[in-house]
Amino acid sequence: MIRTGNFPDPDHWENTIDVRLRCGDGVPMTDLSPDPFAPVQLGPVRLRNRIIKAATSEGRSPDGRVTGDLIDFHRSFAEGGVGMTTVAYCCVSHEGASAPGQIVMNAAALAGLRKLTDAVHAAGAGISAQLGHAGVVAQKKLTGVTAVAPSRFVNPTSFAYCREIRRDEIAAVIDQFGDAAQVAVDAGFDAVELHFGHLYLPSSFLSPLINRRKDEYGGDIDGRSRLVREIAQRVREVVGRRIAVVAKLDMDDGLPGSIWIDESLRTTALLDADATLDAIELTQGSSVYRPMYLFRGDVPVREFAKVMPPMMRPGVRVLGKRVMGSYPYEDLYMLSAARQFVPIMKNTKLILLGGITNREHIETGMREGFEFVGMGRALLREPDLVNKMMEDPGVRSRCNHNNKCMVTVFARTHCVLDTDQRYGAPEPMDLPAPSAVRS
Ligand SMILES: Cc1cc2nc3c(=O)[nH]c(=O)nc-3n(C[C@H](O)[C@H](O)[C@H](O)COP(=O)(O)O)c2cc1C
Ligand code: SF4
């Protein structure tokens, strides 16, 4: 049962959006934008600045346990000046795994996670755990069970069959998110980030293409938004005000007939009215279809071919670009979509993501009404970029968006250009064959 707070009725969202549309291209900029490098409140948590290291699935916990390597990885972003780093991707259950060696958030992981949070706190940053259930992106050869989706579905990239999830299983998944959030609290995390993006299980419920259910979890966008709202509510009930609760939510996923911005504005308005989240990080794209929509920039076809079984390599080289999609990289590439969400937020802060690589980009985000920014590749390339930006406002990122780090997620995520080995020495890429791109 969804409970709403004492806030404006979300049924009036269309009026809000009409106002936005009459304003033309987005939101007027304000002169009084906050200082991105000053301390700030994220729900109950005080962060030293507004820059969040975005989730970049680490591949540094081979047995699903925290390693020294994983601790070094996150300590480098903390020492490099971020306000908060994000551990990714933490499964709420074994069935929700999308790649080998992901951390399952349960009691067995607790001691290692505590070491990780202690190390990051000692370096002055906050730490968040991205909690997810892979759903259509889960791998049967890893989990031992058929992947689940809102309705029967065949993943167009991996051709994996997904069966329809039952209602009792939906209730179990909601509880698993709550239990995983409790582990995060016990382990000393400052926040959890609920993965409602990239067509993992929760966001696949938002998609009319994948969700053709006839029950209260399907139908119009209000029905399809029910699962993400119930997960957010359950997590908030469990954690209370002890830690911050953030969601990473798709604005659109690039899959024809799937999630689109008009409906994700409605989902966001409902989540905002529920007041269960402290912030929403707006994302685009999916791990199911044309994943380059999420990243933009060069398509690392040769690198993907190399980690495929030999028989598949020629096909990947020929068809890889078509399967992965090809979209030019632009700085701030999610801003034009994300600015449409600013006017509808009453209770929840927004995190801008996508192609943020320098101080001007961060200040642009602040001026446009975003309270935080998320940075992925620019920080993978240079974990200390925030410190550098504070010292020299003109500093430019050395990430060239060749996207070769995407392939490293299958074992020990790193920037392939990081010859300085700032977060540990890269190991030779002897990787298990992926069946789809993970994010
Ligand atoms: C190597 C790599 C791994 C990623 N893994 C995840 C992940 O586990 N979960 C997630 O939500 N996003 C993941 N992402 C997406 C990033 O969080 C971010 O949304 C995307 O890179 C765009 O931000 P950027 O332009 O600052 O890199 C990953 C990105 C990269 C490059
Ligand atoms: S491999 Fe390095 S330079 Fe290339 S996109 Fe990733 S972080 Fe940027």
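See the structure shown above.
Residues numbered from 1 in each chain as written. Chains lettered and ligands numbered in written order. Predicted model: local features only at pLDDT ≥ 70, side-chain atom pairs only at ≥ 80, totals over all residues.

Which residues make up the site of ligand 1, and what are the values?
Contacts to ligand 1 come from 26 residues, most closely from Ala54, Ala55, Ser57, Gly376 and Arg377. Those elements that provide at least two residues to the shell around ligand 1 are strand S4 (84–91), helix H15 (377–381) and helix H17 (405–408). Here the residues of the shell around ligand 1 are counted per class, giving 12 nonpolar, 12 polar and 2 charged. (Near = placed C-beta within 6 Å. Helix = DSSP H or I, 4+ residues; strand = E, 2+ residues; numbered from the N terminus. Nonpolar A, V, L, I, M, F, W, Y, C, P; charged D, E, K, R; others polar.)

Tell me about helix H14 (residues 359–367), and name the residues and values.
Every buried residue of H14 is listed here: Arg359, His361, Ile362, Gly365 and Met366. Buried positions in H14, seen along its axis, are confined to an arc of 160° and lie on one side of it. At its buried positions, H14 is contacted by strand S3 (51–53), strand S13 (349–352), strand S14 (372–375) and helix H16 (385–391). Following H14 by one or two positions, Gly369 adopts a phi angle in the positive range, close to 105°. (Buried ≥ 20, exposed ≤ 12 C-beta atoms within 10 Å, placed from the backbone. Arc of directions from axis to C-beta. Contact = placed C-beta atoms within 7 Å.)

Lay out the packing of helix H2 (residues 68–79) against helix H3 (residues 110–122) with the relevant residues and their values.
Two elements in contact, H2 and H3, have axes separated by 9 Å at closest approach and are oriented at 25°. Taken as axis vectors, H2 and H3 run roughly parallel relative to one another. The element H2 and its partner H3 pack so that their crossing is right-handed. Here Leu70, Ile71, His74, Arg75 and Ala78 of H2 lie close against H3, whose contacting residues are Lys115, Leu116, Ala119 and Val120. (Axes fitted to C-alpha atoms, helices over the stretch in contact; angles between N-to-C directions. Parallel < 35°, antiparallel > 145°, perpendicular 65-115°, else oblique. Left-handed = near helix turned anticlockwise from the far one by under 90°.)

Explain the site of ligand 2 to me, and be specific about the residues and the numbers.
Around ligand 2, the surrounding shell holds 13 residues, and the nearest of these are Leu380, Arg381, Cys399, Cys405 and Cys415. Considering each element in turn, the shell around ligand 2 owes the most residues, 3 residues, to H15. Here the residues of the shell around ligand 2 are counted per class, giving 6 nonpolar, 4 polar and 3 charged.

How would you explain helix H9 (residues 261–274) if you had to name every residue and give the values?
Between the first and last C-alpha of H9 there are 20 Å, a value that for 14 residues agrees with the 20 Å anticipated at 1.5 Å per step. When you tally the buried positions in H9, you get 12 out of 14 residues, the bulk of the element. For H9, the full list of buried residues reads Glu263, Ser264, Leu265, Arg266, Thr267, Thr268, Ala269, Leu270, Leu271, Asp272, Ala273 and Asp274. (Expected span 1.5 Å × (residues − 1).)

Give a description of the pairing of strand S11 (residues 244–252) that names residues and reports values.
Counting buried residues in S11 gives 8 out of 9 residues, a clear majority hidden from the surface. As paired strands, strand S10 (residues 191–196) and S11 are joined by 6 bridges and run parallel to one another. Looking at the pairing, His195 lines up with Lys248 of S11. Across 6 bridges, S11 lies against strand S12 (residues 279–284) in parallel orientation. Following the sheet pairing, Ala247 is matched in S12 by Ile280. At this point the chain moves from S11, through H9, to the parallel S12, and the crossover so formed is right-handed. (Pairing = 2+ DSSP bridges. Right-handed = clockwise from strand over helix to strand, strands pointing away.)

Quick one: what's the story with the environment of Ala134, residue by residue and with numbers?
Within the secondary structure, Ala134 sits in the loop between strand S6 (126–132) and helix H4 (140–143). Through-space distance from the C-alpha of Ala134 to that of Ala147 is 8.4 Å; in sequence the pair is 13 residues apart. Aside from chain neighbours lying at most four places away, what touches Ala134 is Gly96, Ala97, Ser98, Tyr200 and Leu201.

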